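# Fold and geometry: a report
Given next are the chains, with one letter for each unit.
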Amino acid sequence: MSGNFPTCDRDRALRLLEQMIRIRRFEEKCVELYGAQKIRGFMHLYIGEEAVATGVMEQLCPEDAVSATYREHGQALARGVDPGKLMAEMYGKQQGCARGRGGSMHIFDASTRFYGGNGIVAGGLPVAVGLALADRMQNRRNVTACFFGEGAVAEGEFHESMNLAALWRLPVLFVCENNLYAMGTALRISESATDIARKAEAYDVASAAVDGMDVLAVAEAARRAVDVVREGRPYLLECRTYRFRAHSMFDAELYRPKEEVAQWKKRDPITLFVAQMQDAGVLRDEDVRELERRVEREVAEAVSFAEAGNWEPVEDLTRFVYSEKSRL
Amino acid sequence: MSDSAATNKTTYREAIREGLREALCSDSRVFLMGEDVGHYGGCFAVSRGLLEEFGAERVRDTPLAESAFVGAGIGAALGGMRPIVEIMTVNFSLLALDQIMNTAATLLHMSGGQFNVPIVIRMATGGGKQLAAQHSHSLEGWYAHIPGLTILTPATMEDARHMLGAALREPDPVLIFENQTLYPLEGDSPEPASNFDITRAAVRRPGRDATLVTYGAGLHKSLAAAETLAAEGVDVEVLDLRVLRPLDDATIIESIGKTHRALVVDDGWRSGGISAEIAARIMEQAFFELDAPVARLCGAEVPMPYSKHLELAALPQPETIAETVRKLVNKHG
Ligand SMILES: Cc1ncc(C[n+]2csc(CCOP(=O)(O)OP(=O)(O)O)c2C)c(N)n1
């Protein structure tokens, strides 16, 4: 386990740990706020999957583009979307990153090239292909990272997008977050062939599968993948992970045994990484305390920011259906 | 057209091709993609020759994957390009409906105004060529239901030639519906245009006794009916909507103010169709101008049949339009 550490200095390890803890605490706060009915609508949590967004996002540059799914709070935070604006969006406030018109499932942020949240399973894949096409046609060496769940692999858009990206040699990093369940449908009852990384072969796309609970392993696999993508070839990275919470806030979790969940929780990406750092002797107890305090403050500030925000005047209801003409 | 204008003949198909060529020449961000737009020359031969002229990067053949290449067009638009995506016919656009409606039309709003999508999607529409129920429908009125889209229906040489350029100047998604029966239509070469309008309906034939509100293939059938009726002393105005969304209410209402009678002619289905919307707007905005209830002549409510006589019967024709107008002008409110 500590074998990765020679390549990971203390500062970097602390940054990765902090990012995962930030996502975890933010999500826990969201649960609380959902209970208090401050956040409404569908909400999907990233708890258990933090290592994936954290490890992948570390490999991207500010010029790169990111697209994700309705389960995208973690990607948004890891990408650097302002937590206050993110929280305000979930409150539905005008100060939200999408002025409260998107909500939890539709986080957008132009300043970090975060092209959403998408409520349509697999809907983001063709768009990511197009973003990469624009980069290629304009000779920009950017990467478009596209996150999606293993459920999306059953959709036609996954296959159409893999083919197009390979055919046109487009710099798309496809990141499949395989948490084994699409809502309540297990991978094994929905796919004839369950090895997702291998599906890439059919499209002549390079691929790898990685332990999505091990942030350093994800980071290393993503680094290799991004190297390929930056040379102008797509790549499929399957991150094998697990969601610890229900699919959304409305889910009795009838489809998986409690023991299975307990088993996976033993491989919690945060505890795992803390143990790795301790083994390697690069983590002190006060590090964790300090880091938790900082994150707690940040989350509290995000909540205050959201609370202090205002509702967009109803007179603005029909804005942003068409561009306000001065834009272009 | 002015006397000095060149009176070269062209076709609707060539006019669209000229529009494409001009767009590709004048802006390096523009590219065309779709099934068989390149090596085949376009399934209706619209893009013939463009691959040779502009190369495979900018006249891009795609796999049979409507959802992916429409989505890729959206992404490319977000990334700074000005894609023109061609879908062979409106029927196949249903495989990309998710991207058109759930992404292109919603992104600007969902992102709180951050991400506009300057994409143009062209497709053939309409019946009349005995292609039966999977290649013949007129679903443009259906698309006009969707906020965030602009829906254009070129029916004249000018519109075929110039609507595309104007659409590419829009910051938001524009869908252009080319009625497939119009491709061989001949007419005078349109003059060059700047700041070409894509917001207003146009009166194509002024008249006093009734207004035919129509678009696309319906325009030509309505003009033919108007000729027949003129010989009988009935003088109808023919109004070409040009834009199905947003509808130009003002021009419609102005015409009703003059003729006091309206017949909406639409190849699309009647129930829940654009004709219902137009009738409702006339009722809402010009009820007291009307001398008779608004009439509608629409496509029959069946999947399009193959057999010629049935297909003819399923669509408004000059004869049925004329007959409906006769009844309309004899009605008194
Ligand atoms: C096209 C489409 N079909 C169905 C749904 C309903 N739905 C929402 S999430 C989901 C499961 C998707 O699972 P997966 O892709 O594995 O992602 P995860 O939720 O596990 O992160 C389904 C079926 C949807 N949003 N979009």
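As a convention, each chain's residues are numbered from 1 in the sequence order in which they are written. Here chains are named by letter from A upward and ligands by number from 1 upward, in the order in which they appear as written. Restriction of local features to residues with pLDDT of at least 70 applies here, the model being predicted, together with a cutoff of 80 or more for giving and counting side-chain atom pairs; totals for whole chains, interfaces and linings are based on all residues. Neither water nor hydrogens contribute to the side-chain values; these are computed over all heavy atoms in the structure.

## Some details on the overall build of chain A
Basically, it comes down to this: Per the convention used, a helix needs a DSSP run of H or I reaching at least four residues, while a strand needs a run of E reaching at least two, with both numbered from the N terminus. In this description the radius of gyration comes from C-alpha coordinates, and the expected globular size is given by 2.2 Å times residues to the power 0.38. We call a residue buried when its accessible area falls under 20% of the maximum for its residue type, exposed when it is over 50%, and partly exposed in between, using a 1.4 Å probe and counting protein chains only. Areas reported as accessible are Shrake-Rupley estimates using a 1.4 Å probe. Residue values count occlusion only from the protein chains shown.
A count of helices and strands for chain A gives 11 helices and seven strands. Computed over the C-alpha atoms, the radius of gyration of chain A is 19 Å, within 12% of the 20 Å expected from 2.2 N^0.38 for a compact globule of 328 residues. Buried residues in chain A amount to 57% of all 328 residues. Working note: accessible area of chain A is about 13600 Å², and carbon and sulfur atoms make up 50% of it.

## Considerations on the packing of helix α1 (residues 10-35) of chain A against helix α8 (residues 215-230) of chain A
All names here are of chain A. Put simply, the test is: In this description, a line fitted to the C-alpha atoms serves as the axis of each element, helices being fitted only across the stretch in contact, and the angle between N-to-C directions of two axes falls anywhere from 0 to 180 degrees. To sort the angles, those under 35 degrees are grouped as roughly parallel, those over 145 as roughly antiparallel, those from 65 to 115 as roughly perpendicular, and the leftovers as oblique. For this analysis, residues touch if any pair of their heavy atoms sits within 4.5 Å. Lys, Arg, Asp and Glu make up the charged group, whereas Ala, Val, Leu, Ile, Met, Phe, Trp, Tyr, Cys and Pro make up the nonpolar group; the residues left over, Gly among them, are polar.
Running from amino to carboxyl end, α1 crosses α8 at an angle of 105°, the nearest separation of the two axes being 11 Å. Between α1 and α8, the interaxial angle falls into the category roughly perpendicular. Contact residues: α1 offers Arg12, Leu16 and Met20, while α8 offers Val215, Leu216 and Ala219. Taken together, the residues of the contact of α1 with α8 sort by class into five nonpolar, no polar and one charged.

## Here we look at the site of the ligand
Residues and elements named next belong to chain A. What counts here: Here a residue is considered near a molecule or strand provided that any single heavy atom belonging to it is located within 4 Å of it. Polar contact is defined as a pair of N or O atoms within 3.5 Å, subject to the rule that within protein one atom must be able to donate a hydrogen and the other to accept it, and that residues adjacent in sequence are counted only when both atoms are side-chain atoms.
In the region of the ligand, 15 residues are neighbours, and Tyr70, Arg71, Gly119, Gly151 and Asn179 sit closest. At a separation of 3.4 Å, an oxygen atom of the ligand approaches a polar backbone atom of alanine 152. Isolated, the ligand exposes 580 Å² of accessible area, and the fraction of that covered by the protein chains is 74%. Residue composition of the shell around the ligand, by class: seven nonpolar, five polar and three charged.

## What to know about the domain arrangement of chain B
Residues and elements named next belong to chain B. Threshold: Domain borders in the structure are assigned automatically or taken from a domain database. Put simply, a salt bridge is a Lys or Arg side-chain nitrogen that is within 4 Å of an Asp or Glu carboxyl oxygen.
The domain architecture assigned to chain B consists of domain 1 (3-188) and domain 2 (202-329). Averaged C-alpha coordinates put domain 1 and domain 2 at centres separated by 26 Å. The interface is formed by 31 residues belonging to domain 1 together with 25 residues belonging to domain 2. The interface formed by domain 1 and domain 2 includes two salt bridges. A salt bridge links arginine 242 to aspartate 159; its shortest N-O distance comes to 2.8 Å. For the side of domain 1 that touches domain 2, the elements supplying multiple residues, two or more each, are α6 (140-143), β6 (150-152) and α7 (157-168). Residue composition of the side of domain 1 that touches domain 2, by class: 14 nonpolar, 14 polar and three charged.

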